[in-house]
Structure formats: structure tokens, C-alpha cells
Amino acid sequence: MNITAAEFIISAPGPKQYPVEGYPEIAFAGRSNVGKSSLINTLTNRKGLAKTSSRPGKTQLLNFYLINKSLYFVDLPGYGFARVSKETKSYWGKMIENYLKNREKLVAVVQLIDIRHAPSRDDITMHQWLKHYRIPTVLVLNKADKITRGKWAQHAKIIRQSLMPDPETPVVVFSAETRQGREELLGILDKMVKS
Ligand code: GTP
Ligand code: MG
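For the structure given in this document, a descriptive report is provided here. (Residues numbered from 1 in each chain as written. Chains lettered and ligands numbered in written order. Predicted model: local features only at pLDDT ≥ 70, side-chain atom pairs only at ≥ 80, totals over all residues. Heavy atoms only, no water.)

Observations concerning the overall build of the chain
Here's step 1: From N to C terminus, the chain includes five helices and seven strands.
Here's step 2: Helices (α) and strands (β) of the chain occur, in sequence order from the N terminus, as β-β-α-β-β-α-β-α-β-α-β-α.
Here's step 3: With respect to the three principal axes, the spread of C-alpha positions in the chain is 45 × 40 × 30 Å.
Here's step 4: Counting only residues that meet the buried cut, the chain has 49% of its 195 residues in that class.
Here's step 5: Sequence separation of at least 24 residues holds for 74% of the intrachain contacts in the chain that already meet a minimum separation of 6.
Here's step 6: Accessible surface, the chain as shown: approximately 10200 Å² in total, 50% of it carbon and sulfur. (Helix = DSSP H or I, 4+ residues; strand = E, 2+ residues; numbered from the N terminus. Buried < 20%, exposed > 50% of the residue type's maximum accessible area, 1.4 Å probe, protein only. Contact = heavy atoms within 4.5 Å. Areas by Shrake-Rupley, 256 points an atom, 1.4 Å probe, with all protein chains shown as cover.)

Notes on the nonpolar core
The nonpolar side chains of a soluble globular protein tend to be buried, and buried together.
Here's step 1: Grouped together as the largest cluster of nonpolar side chains are 26 residues, with contacts concentrated most on Phe28, Leu43, Phe73, Val110, Val138 and Leu185.
Here's step 2: Looking at this core, the elements that each hand over two or more residues are β2 (25–30), α1 (36–44), β3 (62–67), β4 (71–75), β5 (106–114), β6 (137–142) and α5 (182–194).
Here's step 3: Of the residues forming this core, the biggest block, five residues, is contributed by α5.
Here's step 4: Discounting chain neighbours no more than four positions away, the residues touching phenylalanine 73 are Ile3, Ile26, Phe28, Ile40, Leu43, Thr44, Asn63, Phe64, Tyr65 and Ile67.
Here's step 5: Counting 22 residues, the second largest nonpolar core, distinct from the first, contains Tyr18, Leu100, Leu106 and Leu130. (Core = buried A, V, L, I, M, F, W, Y, C linked by side-chain atoms within 4.5 Å.)

Here we look at α5
Here's step 1: Here α5 is 13 residues long and its end C-alpha atoms lie 18 Å apart, about the 18 Å a rise of 1.5 Å per residue gives.
Here's step 2: Structurally, α5 contributes buried residues whose contacts are with β2, α1, β5, β6 and β7 (171–173). (Expected span 1.5 Å × (residues − 1).)

Observations concerning the packing of α1 against α5
Here's step 1: The geometry of α1 relative to α5 is characterised by a closest axis approach of 10 Å and an angle of 85° between their N-to-C directions. With respect to α5, the element α1 is oriented roughly perpendicular. When α1 is examined against α5, the residues Leu39, Thr42 and Leu43 are found in contact with a partner set consisting of Arg182, Leu185, Leu186 and Leu189.
Here's step 2: Of the residues belonging to the contact of α1 with α5, the class tally is five nonpolar, one polar and one charged. (Axes fitted to C-alpha atoms, helices over the stretch in contact; angles between N-to-C directions. Parallel < 35°, antiparallel > 145°, perpendicular 65-115°, else oblique. Nonpolar A, V, L, I, M, F, W, Y, C, P; charged D, E, K, R; others polar.)

A look at the packing of aromatic side chains
Here's step 1: A full pass over the atoms with the stated rule returns eight aromatic pairs.
Here's step 2: Considering the side-chain rings of tyrosine 18 and tyrosine 99, the 5.7 Å spacing of their centres and the 85° angle between planes classify their relative orientation as edge-to-face. Here tyrosine 18 is found in the loop between β1 (6–12) and β2, whereas its partner tyrosine 99 is found in helix α2 (residues 86–102), with 81 residues between them in sequence. An identical accessibility class is assigned to tyrosine 18 and tyrosine 99; each is buried.
Here's step 3: Here the aromatic rings of phenylalanine 28 and phenylalanine 73 are separated by 5.1 Å at their centres, their planes lie at 70°, and the arrangement is edge-to-face. (Phe/Tyr/Trp six-rings, centres within 6.5 Å; stacked < 30°, edge-to-face > 60°.)

A closer look at the sheet that holds β6
Here's step 1: Spatially, seven strands are ordered β1-β3-β4-β2-β5-β6-β7 in an open sheet, and the strand pairing comes out mixed. Pairing within the sheet leaves two strands with one partner each, and these edge strands are β1 and β7. When the angles between neighbouring strand axes are averaged without regard to direction, this sheet yields 25°.
Here's step 2: In the sheet, β2 pairs with β5 via six bridges, with the strands oriented parallel. Bridge pairing in β5 places glycine 30 opposite leucine 112.
Here's step 3: Across the sheet, helix α3 (residues 121–132) lies against β2, β5 and β6, angled at about 160° from β5, the strand it touches most. (Pairing = 2+ DSSP bridges.)

Shown next as C-alpha cells:
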């Protein structure tokens, strides 16, 4: 996939505001602060397209980015963010769940996991959930620049053992900092959109 155009379309509080063209969509899910927005910026080569922050909880609505005028990237709010109220958490949870369950043109979910750590309870729940609903998933193990290359395989193994992804689920080691994994991920997403 060669991204030549990327534009922010809408921050949607709910389904009423979701785009209606029916273009295929790829959603990005993961713990708050794991690097979803940074990943979108790296893929699109646009530094400030998706707002990033060192403070978790930056992305609070579903943000839609139109790619090459024919595909949407959807930046989902991060899960597992401790500093919001129970009510807000369950509202986010429902919003994400409804989107993932009901969106007809959702072709893939990119689930981000911090390569440095074993998956959290929320990571595991999200992954089992994606498997259960048979939503095609790509696992992105990101922030790879934060550990030495020699440790990637060992960390990837621990994450696999905990999440138990389907054999057909691609696993990509990624870094927004070094752009490691960018081409590989774009290739995988391209195939998923076309299949
Ligand atoms: P929410 O919107 O709160 O859910 O967070 P997010 O998942 O969108 O994370 P975001 O992209 O805002 O990144 C969070 C922090 O991690 C920022 O300080 C980023 O600069 C940093 N970060 C993201 N990706 C990487 C990476 O690959 N390497 C390093 N070193 N830092 C990263
Ligand atoms: Mg974000």
C-alpha cells in the first residue's frame, strides 16, 4: 500500500457520526498510550495527523482518517486507562465493542501490544474477543526501539504464549521511532483490504 493522501475526517462520539461512504475500514486498538496514534502517523508519513501524547487517554472518540480517498483508518480510544471514572470506562468499552461488532466494512483490526511487557488482562480480553467474533487481526508489537533487537524474538514468544493468536494472524514488530516494520505492515494491510 502506497499512501499518497491522508486526511482527518471526523472525531465521532457515536455511530450517527460515522462516515457513510462504505469504504473499507482498518481499526487500531490497544491499551491507552501504547502508540496507536503514533502508528497511524508513521504509516501515513504525517507527523501531526493523529494527535499523540505522553499522557494516556489522548484519543477519546473514534477518529476517522481517509486514506487515498478509498479507505478509512479508525483510531480507537485506548482501553485500560485507569484515571477515568467507571462510567466513562464502560461507555468507551461499549462504544468500541459496538463499533467492532457492527461495522460492516471493517476489514481488519490492528491490535497493538507493547513489546516490552507481557500482555495485560485487557490485551488478552480484547484479543480473545477479536478471535471470538472472527475479526481478521494483525498483532503489532510496538515500541521495539525500546529494547535491543536481540530480545525481540524472546519477547514476541512470551506475547504469543499469552495471547494465543490464530496461526493466520500476522505478527509485526514495529517502531514509530525507527519505522521498523512499516513496509511489512503496509503490505499486510494492503492484502487484507483487497481480499
Ligand atoms: P491514547 O490516545 O491515549 O489511547 O494513546 P495512543 O495509543 O494513541 O498513544 P500515542 O500514539 O499518543 O503514544 C503514546 C506515547 O508513546 C507518546 O509519547 C509517543 O511518542 C510514544 N510512542 C509511540 N510509539 C512509540 C514507539 O514506537 N517508540 C517509542 N520510543 N515511543 C513511542
Ligand atoms: Mg491516541
